[in-house]
Amino acid sequence: MKMNFFLFFFFLFNVSVFALESTKVVTADAQLKEVQATQLEALNRSKILEYEKQLREFEKEIPKENTWIKSYASYLTSLKVRTTLAKIEKRIEHLRKYAKSISDRDELNGLISKQNILTSEIEKLKGKNDAPFANLITPPAIGEVEKVTNPFDIFTGFSVIKNLTMNFEEYKLKRDSLMKIIELLSKEHDIYKELEILDPSGKYTETKKFKQIQLDRFKTALDTINATLDVYQKRLEIVEISINKGIEKQVYRLMKIGTVVLVVFLIFFLLKLVVKKYITDHERFYMANKIITFTNFTFIILIIFFNYIENASYLVTILGFASAGIAIAMKDWFMSILGWLVIVFGGSIHVGDRIRVDMDGMQYVGDVMDISLLRMTIMEDITLTSIMHNRRAGRIIFIPNNYVFTRMISNYTHNSLKTVWDGVKITITFDSNHKKAMHIAKMISKKFSKGYTDITRKQLNKLRQHYSLKNTNVEPRIFSFINDNGMDIEAWYLTNAYATLTLRSVISTEIVDAFNQEDDITIAYPTQKLYVEGGKMSPPFEENEKMS
């Protein structure tokens, strides 16, 4: 019994000691866990602060002015406005049915005003509520590209390709910008996921959901733009191939036309060499050269027309409109071309002829240097007109060909006739031997103009083949006329059309010298004679006084 009792107490003692030790161990574990929890909480707070710092940095990296961010912000604004508007419309409908008090009516009027304002805002944001980034993911329109049908379209084709390439590059830049935004948003979303784990209170849950939705929409836009970019690139390749084929065709056609034109130029150049070799007359060579040049350009124009006009009826239509346009808007040019045809084929004026043109009250005498399609070019010479009227010479005068229809043009050297009549006038006194003076003037004129007289006689015989000539007298002609100061002796003679002043000067000095040698011939000049009656004259009033 004693032994059993002793064992029992020993067992109780051991149990008590063990329980006491166990209690101490449990207390120590609880304290350790509490310390660990405190350390974990401090670590979590540190991580949270670090993540929030990273979020602030990401927000700085994401530009607020980025087109994708602004587009999404507009989309969210549109949704918010529509949600608010739906609530207002629902409240308005309720108040219209059940509003009875004054406060209800005031609320109804206020809500109606707010509804109108929000409706106008919706109109400004129109289209942004259907889907975000609708405008950004839509590629630039290519449109219908016209075919390259003429050389001028080559430059247009290059310009179209350049513009389409620029649009494609801009579209790629949009894609690259979107990819950069998605990368930043993904990092931001991952941080919010970590924050949600570190802080189970739900503080970051809503933000994480919002970022998840935003990221999904941006990724959807990226998928769309990637697919669209591939299709857009294929379309650009097709358009570029089509334009390049058209350009290649036009370049080949230009080379072919250039070869034909070069051959035509070569043929007409050889023809000009032949004409220059076998036609020695300057006037005929010039006319033949002009005809060859005109024919050459006519051939070139016809070659170009028939290469670039597929249908002959188009050519007739174009020529009809062109003729009407030229007749109305380019009347002077059209008339000059007609004048050129009259001059060249009519033969009234040739290169080298000496002509006189009356223009705007002025007279110009000179030699024709060139007859182009639109105008004649003359070199003004020193003539009697220059001395008496212009007091200028040596100028290059450009005369529109249409002047042959509206102005007076005199030709001093028409056809084979290269001489003109010129004359000098000398006045002698009334008591001079005018018959002797006329004889002297005739002999001097005949002596110095004899060569031109013989030449003119031959030229007039040739001119009879083209014109009806009645008076063909080529001998010098002397006339006398009564003048206030005496008798005018006029001597008319034939002279070279290009040197009239030279012969006039010679004949004038010879006649003056011959008259001065004669005692019965006196050259007159304006004179006055004063006759004074002899005797003294008495004033009339003195006679009246004597009579009275």
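Residues numbered from 1 in each chain as written. Predicted model: local features only at pLDDT ≥ 70, side-chain atom pairs only at ≥ 80, totals over all residues. Heavy atoms only, no water.

Undergrad: What exactly am I supposed to notice about the overall build of the chain here?
TA: Per the secondary structure count, the chain includes 13 helices and eight strands. For the chain, the proportion of its 548 residues judged to be buried stands at 30%. Restricting to contacts in the chain with at least 6 residues of sequence separation, those with at least 24 account for 72%. For the chain, the exposed surface amounts to about 37,400 Å²; the carbon and sulfur share of it is 60%. (Helix = DSSP H or I, 4+ residues; strand = E, 2+ residues; numbered from the N terminus. Buried < 20%, exposed > 50% of the residue type's maximum accessible area, 1.4 Å probe, protein only. Contact = heavy atoms within 4.5 Å. Areas by Shrake-Rupley, 256 points an atom, 1.4 Å probe, with all protein chains shown as cover.)

Undergrad: What should I look at first to understand the sheet that holds strand 7 (residues 477–483) in this one?
TA: Strands in a sheet are paired, the pairing made by backbone hydrogen bonds, and the direction either parallel or antiparallel. Strand order in the open sheet formed by three strands is 6-8-7, and the pairing between neighbours is antiparallel. Each of the sheet's edge strands pairs with one partner strand only, and the pair in question is strand 6 (419–428) and strand 7. Averaged over all pairs of adjacent strands, the angle between strand axes in this sheet comes to 25°, irrespective of strand direction. Summarising the sheet, strand 6 and strand 8 (residues 486–496) pair through 10 bridges and their orientation is antiparallel. Each bridged residue has a counterpart across the sheet, and for Asp 422 the counterpart in strand 8 is Tyr 493. Here helix 11 (residues 434–463) sits on the sheet in contact with strand 6, strand 7 and strand 8, set at roughly 15° to strand 8. Running at roughly 30° to strand 6, helix 12 (residues 500–517) makes contact with strand 6 and strand 8 of the sheet. (Pairing = 2+ DSSP bridges. Axes fitted to C-alpha atoms, helices over the stretch in contact; angles between N-to-C directions.)

Undergrad: Would you mind showing me how to read the pairing of strand 3 (residues 375–380) here?
TA: Every other side chain in a regular strand lies on the same face of the sheet, so the side chains alternate between the two faces. Of the strand pairs in this sheet, strand 2 (residues 362–371) and strand 3 are connected by five bridges, and their pairing is antiparallel. Across the sheet, Asp 367 pairs through a bridge with Met 379, a residue of strand 3. Linkage of strand 2 to strand 3, two consecutive antiparallel strands, is achieved through a turn of three residues. Pairing of strand 3 with strand 4 (residues 396–400), which is carried by five bridges, proceeds in the antiparallel orientation. What sits directly across from Ile 378, in strand 4, is Ile 397.

Undergrad: What is the right way to look at the packing of helix 11 against helix 12 in this model?
TA: Helix-helix packing: each pair is described by the crossing angle between the helix axes and the interaxial distance. For the pair helix 11 and helix 12, the least separation of the axes is 10 Å and the interaxial angle reads 150°. In this view, helix 11 runs roughly antiparallel relative to helix 12, as classed from their interaxial angle. Between helix 11 and helix 12 lies a crossing whose hand is right-handed. Side by side, helix 11 and helix 12 meet where Ala 437, Ile 440, Ala 441, Ile 444, Ser 445, Phe 448, Ser 449 and Tyr 452 of the first sit next to Leu 503, Val 506, Ile 507, Glu 510, Ile 511, Ala 514 and Phe 515 of the second. (Parallel < 35°, antiparallel > 145°, perpendicular 65-115°, else oblique. Left-handed = near helix turned anticlockwise from the far one by under 90°.)

Undergrad: It is not clear to me how the sheet that holds strand 1 (residues 354–359) should be interpreted in this structure. Could you clarify?
TA: If you trace the five strands from one edge of the open sheet to the other, you get 4-3-2-1-5, paired in antiparallel fashion. Pairing within the sheet leaves two strands with one partner each, and these edge strands are strand 4 and strand 5 (409–411). Strand-to-strand, the axes of this sheet are offset by a mean angle of 40°, without reference to chain direction. Bridge analysis of strand 1 against strand 5 gives three bridges, and the strand direction is antiparallel. Bridging across to strand 5, Val 357 finds its partner in Ile 409.

Undergrad: I would appreciate a short explanation of the nonpolar core in the present structure.
TA: In globular proteins that are soluble, nonpolar side chains generally tend to be buried together. The biggest cluster of nonpolar side chains holds 29 residues, and the ones touching the most others in it are Trp 68, Phe 133, Leu 178 and Phe 218. If you list the elements that add at least two residues to this core, you get helix 2 (67–98), helix 4 (151–198) and helix 5 (205–278). If you tally residues by element for this core, the top one is helix 5, at 11 residues. Residues contacting Leu 178, with those up to four places away along its chain left out, are Trp 68, Phe 218, Ala 221, Leu 222 and Ile 225. (Core = buried A, V, L, I, M, F, W, Y, C linked by side-chain atoms within 4.5 Å.)

Undergrad: Help me understand the pattern of salt bridges in this model?
TA: Any two side chains of opposite charge can pair, given that their charged atoms come close. Under the criterion given, the structure shown has 11 salt bridges. The residue Arg 457 makes a salt bridge to Asp 454 at a minimum N-O spacing of 3.2 Å. Placement of the pair is Arg 457 and Asp 454 together in helix 11, with a separation of three residues, close to one helical turn. Overall, Arg 457 belongs to the partly exposed group, its relative accessible area being 36%. In the salt-bridge network here, residues are joined through shared partners; they are Lys 450, Asp 454, Arg 457 and Glu 475. (Salt bridge = Lys/Arg side-chain N within 4 Å of Asp/Glu carboxyl O.)

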